[in-house]
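A closer look at the structure
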Amino acid sequence: METIHVQHPLNIERVNKEPCVMALGFFDGLHIGHQEIIRTAKKRAEERNLALALMTFSPHPSQIIPMKKKVDHYLSPLEAKRGILAKLGVQKLYVVTFDHAFAKLTPAEFVDHYLIDLQCRHAVAGFDFSFGFKGQGNMGNLAEFGKGAFGVTTVPKVERQGQKVSSTLIRSLLASGNVNGIPEFLGDFYKVTGQIAKHGDSECHEVRIEDYLLPHKGIYEISAEMADAVYNGVCMIEDDPIKVYVKLFNSVKARHKETIQIKWIKKTSSHRMLQPV
Ligand SMILES: Cc1cc2nc3c(=O)[nH]c(=O)nc-3n(C[C@H](O)[C@H](O)[C@H](O)COP(=O)(O)O)c2cc1C
Ligand SMILES: Nc1ncnc2c1ncn2[C@@H]1O[C@H](COP(=O)(O)OP(=O)(O)OP(=O)(O)O)[C@@H](O)[C@H]1O
């Protein structure tokens, strides 16, 4: 997968573009609703023999424009997003810097410069995707702004338990420590990647985790992947300041600076931190 970072104003001659189907949105977490967008876009790309591209934004729009909730930690920071998108078959990832100049574009300007100029031949997004100044562009008027340059597919709402599957919903499950409720919406357990920062006594390791949103403070059953091997263990999250400690069962020890992927299974009670099974 090729990753192309672009910033407004776009210097279109210098961008490596090709006729494509473009999936649109922020896509934090790549939950089952997002996966449906990408599956649909992939189908359209195969039917039309076009490259499969996806456009995302960085940082989250809430960092730049006033929104109800500021998103400053992610379910999938850019590196994690890249890995997941490549596995889902995305061939070109456009990462557009979301800054004030970009946020001020009208829907028509966004479509002209970021879809038509990037050779989008078909756009795919969910029923609630919005774009352009104050989110005035939507799936009802996207084709009109495209003036026939591309077709549009709108993916209907993906729901579970009577609710729209969303990044916001998964963030709220993390905030309440309800990590075992996440796979229903995410399609898998929530995973974060970090580095072993420090050894404590009794095989308890501090883990440095950057950019990811973490579950609520507490103790969790986890599984941890390191160097292609998977171990079970427990993880303790402290807040103020935020600290993450991992203890792997069967006295498994991790090396300093080793990369560790933590998969959150469920919240547990404290004694298991001291007495691993
Ligand atoms: C060109 C452009 C300008 C935007 N300007 C605004 C804005 O002024 N105000 C706003 O609330 N959102 C704005 N947005 C953000 C969108 O409403 C939306 O959050 C973003 O495109 C991500 O879509 P998604 O949340 O459906 O993935 C803009 C988006 C784009 C692409
Ligand atoms: N449940 C869903 N069903 C169908 N499409 C969806 C769903 N959730 C998101 N999408 C679409 O996926 C793309 C990315 O959406 P976005 O990043 O806003 O996800 P979100 O889960 O709604 O995020 P947030 O909760 O932060 O608003 C957009 O095209 C959006 O319309």
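Because the structure is predicted, anything quoted here is derived from the model rather than measured.

Re the site of ligand 1
The local shell around ligand 1 holds 15 residues, among which Gly 25, Phe 26, Phe 110, Phe 131 and Gly 135 are the closest. Residue assignment for the shell around ligand 1 shows that the elements contributing at least two residues are α3 (100-103) and β6 (130-131). Of the residues assigned to the shell around ligand 1, the class counts are 10 nonpolar, 4 polar and 1 charged.

Looking at the site of ligand 2
Around ligand 2, the surrounding shell holds 21 residues, and the nearest of these are Gly 25, Gly 33, Ala 125, Gly 126 and Thr 168. Elements with a minimum of two residues in the shell around ligand 2: α1 (32-48), β5 (120-126) and α6 (167-175). A class-by-class count of the residues in the shell around ligand 2 yields 10 nonpolar, 7 polar and 4 charged.

Concerning the sheet that holds strand β1 (residues 2-6)
Pairing in this open sheet of 6 strands is parallel, and the strands run β1-β4-β3-β2-β5-β8 from one edge to the other. If you trace the sheet from one side to the other, it starts and ends with β1 and β8 (151-155), each paired once. Strand-to-strand twist across the sheet, computed as the mean angle between neighbouring axes with direction ignored, equals 25°. Those strands touched by helix α4 (residues 107-116) are β2 (20-24), β3 (51-58), β4 (92-97) and β5, and its axis lies near 115° from that of β5.

Looking at unusual backbone geometry
Looking along the chain, the bond that leaves Ser 58 and enters Pro 59 is cis, with omega of 0°. Note on placement: Pro 59 falls in the loop between β3 and α2 (78-87). Cis geometry is found at the peptide bond from Asp 240 to Pro 241, where omega equals -5°. Residue position: Pro 241 is located in the loop between β14 (229-238) and β15 (243-248). With a phi close to 45°, Lys 147 is a non-glycine residue in the positive phi region.

What to know about the domain arrangement of the protein chain
The domain boundaries assigned to the protein chain delineate domain 1 (2-157) and domain 2 (188-274). Here domain 1 and domain 2 have C-alpha centroids that lie 34 Å from each other. The residue makeup of the side of domain 1 that touches domain 2, split by class, is 4 nonpolar, 1 polar and no charged.

Thoughts on the nonpolar core
Ranked by size, the top nonpolar core spans 34 residues in total, and within it Val 21, Met 22, Ala 23 and Ala 123 carry the most contacts. If you list the elements that add at least two residues to this core, you get β2, α1, β3, β4, α4, β5 and α5 (142-146). Those residues within four positions of Val 21 in sequence are excluded, and the remaining contacts are Ala 41, Arg 44, Ala 45, Arg 48, Leu 50, Leu 52, Ala 53, Arg 121, His 122 and Val 124.

Brief notes about the environment of Gln 261
Among the secondary structure elements, Gln 261 is positioned in strand β16 (residues 259-267). Under the C-beta neighbour-count criterion, Gln 261 is labelled partly exposed, with 15 such atoms within 10 Å. As a C-alpha pair, Gln 261 and Ser 223 span 38 residues in sequence and 8.3 Å in three-dimensional space. Non-local contacts of Gln 261, meaning those with residues more than four positions away in its chain, are made with Lys 191, Thr 193, Ala 224 and Glu 225.

What about α2?
Restricting attention to buried positions, one finds in α2 the residues Ala 80, Lys 81 and Leu 85. Seen from one end, α2 has its buried residues packed into an arc of 130°, which puts them on one side. Exposed residues pointing more than 90 degrees away from the buried face of α2 are listed as Glu 79 and Lys 87. Immediately downstream of α2, the backbone of Gly 89 shows phi near 100°, a positive value.

A look at the confidence of the model for the protein chain
In the predicted model, the protein chain carries a mean pLDDT of 95, and 96% of its residues have values of at least 70. Across the interface, the model reports ipTM at 0.95; the global pTM reads 0.96.

About the cut-offs
Residues numbered from 1 in each chain as written. Chains lettered and ligands numbered in written order. Predicted model: local features only at pLDDT ≥ 70, side-chain atom pairs only at ≥ 80, totals over all residues. Near = placed C-beta within 6 Å. Helix = DSSP H or I, 4+ residues; strand = E, 2+ residues; numbered from the N terminus. Nonpolar A, V, L, I, M, F, W, Y, C, P; charged D, E, K, R; others polar. Pairing = 2+ DSSP bridges. Axes fitted to C-alpha atoms, helices over the stretch in contact; angles between N-to-C directions. Contact = placed C-beta atoms within 7 Å. Domains from an automatic or database assignment. Core = buried A, V, L, I, M, F, W, Y, C linked by C-beta atoms within 7 Å. Buried ≥ 20, exposed ≤ 12 C-beta atoms within 10 Å, placed from the backbone. Arc of directions from axis to C-beta. pLDDT = per-residue confidence, 0-100.

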